[in-house]
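Descriptive analysis of the structure
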Amino acid sequence: LKLRNVGAHLTTAVADLSRTTGKIKLDRHGCTFQNIKTTLGKSDLTVSGRLSDWENLQLNLELSGKKVRAQDLIFPKSKLTFYNLNGHLQIDAEKITFSPINTLLEESTRVTINGTVSNFLDPQVLLDIQSDRVDVLDIIKLFADPDSDNIAEPYLGKRPPLLIKVSAKQGTLGGLY
């Protein structure tokens, strides 16, 4: 099956796919594909992988991108950019698993990301971010709204879990080492 400029809405947790071009090999268990070119939101990616089990779909992806906007991934309010992103994703009806994703955040923080995004209707994010040297503000900026000048009032209602563990050998915080 040849794809030419195909688009798809995967989930509200990530941006939509567009301009997807390449070849897919179908079989009775699923399909495989190599070096498919696609655009996620406004970020160009190359993906290879396998979609298996037609009755209980599971998508295993190897992906890479030279310049990927954080807002096209699972960080909708972020204006930051990931450079030289590559890694493995597993997507099924219940969750997206990152295992691992390696990238350079804002050309200053090389990170390895493992974790999950589950419950797509009310996303629950569990991430483990590791780095030898990290700019802590870059990690915080992944989740902050850069267009808001207001400090948010504490929300006392029920929120979906958001757990981010950051491990670094060295780091900076606002110019402090």
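The preceding data block contains the structure.
First, a word on scope: everything that follows refers to the structure included in this document.

Parameters at a glance
- Residues numbered from 1 in each chain as written.
- Predicted model: local features only at pLDDT ≥ 70, side-chain atom pairs only at ≥ 80, totals over all residues.
- Heavy atoms only, no water.
- Helix = DSSP H or I, 4+ residues; strand = E, 2+ residues; numbered from the N terminus.
- Pairing = 2+ DSSP bridges.
- Axes fitted to C-alpha atoms, helices over the stretch in contact; angles between N-to-C directions.
- Patch = residues over 30% accessible without salt bridge, like charges linked within 9 Å, V, L, I, M, F, W, Y side chains within 5 Å.
- Areas by Shrake-Rupley, 256 points an atom, 1.4 Å probe, with all protein chains shown as cover.
- Salt bridge = Lys/Arg side-chain N within 4 Å of Asp/Glu carboxyl O.
- Contact = heavy atoms within 4.5 Å.
- Buried < 20%, exposed > 50% of the residue type's maximum accessible area, 1.4 Å probe, protein only.

1. Considerations on unusual backbone geometry
Cis geometry is adopted by the peptide bond preceding P100, which originates at S99 and carries an omega value of -20°. With respect to the secondary-structure elements, P100 resides in strand β7 (residues 95-105). In this structure, N35 is a non-glycine residue whose phi angle is positive, near 50°. Relative to the assigned elements, N35 resides in strand β3 (residues 30-40). Its identity as a non-glycine residue notwithstanding, D53 has a phi of 60°, on the positive side.

2. Topic: the sheet that holds β3
The strand order across the open sheet built from ten strands is β1-β2-β3-β4-β5-β6-β7-β8-β9-β10, with neighbouring strands paired in mixed fashion. Each having just a single partner strand, β1 (2-8) and β10 (162-172) make up the two edges of the open sheet. The sheet shows a mean angle of 15° between the axes of neighbouring strands, direction not considered. Direction of pairing for strand β2 (residues 17-27) relative to β3: antiparallel, over a ladder of seven bridges. Considered in β3, the bridge of L26 is made with C31.

3. Some points on a nonpolar patch on the surface
A surface patch of nonpolar side chains, amounting to about 430 Å² of accessible area, comprises L1, L26, W54 and L57. Secondary-structure assignment places W54 in the loop between β4 (43-52) and β5 (58-69).

4. Focus on the environment of L162
Mapped onto the elements, L162 comes out in strand β10. The spatial distance from the C-alpha of L162 to the C-alpha of V117 is 9.4 Å, given a sequence separation of 45 residues. Discounting residues that sit within four places of it in the chain, L162 has contacts with V125 and F143.

5. Description of the environment of I140
Examined against the element boundaries, I140 turns out to sit in helix α1 (residues 136-141). On the basis of relative accessible area, I140 is assigned to the partly exposed category, the value being 47%. Spatially, the C-alpha atoms of I140 and S78 are 9.5 Å apart, while their sequence positions differ by 62 residues.

6. Some remarks on the pattern of salt bridges
Under the defined criterion, the tally for this structure stands at five salt bridges. Among the salt bridges present, the one from D44 reaches R19, with a minimum N-O distance of 3.4 Å. Taken together, the positions of D44 in strand β4 and R19 in strand β2 put the pair 25 residues apart, joining distant regions of the chain. Where R50 meets D27, a salt bridge forms, and the shortest distance between an N and an O atom there is 3.4 Å. One end of the pair, R50, is in strand β4; the other, D27, is in strand β2, with 23 residues separating them in the sequence. For D27, a relative accessible area of 35% gives the class partly exposed.

By themselves these figures say nothing about function.
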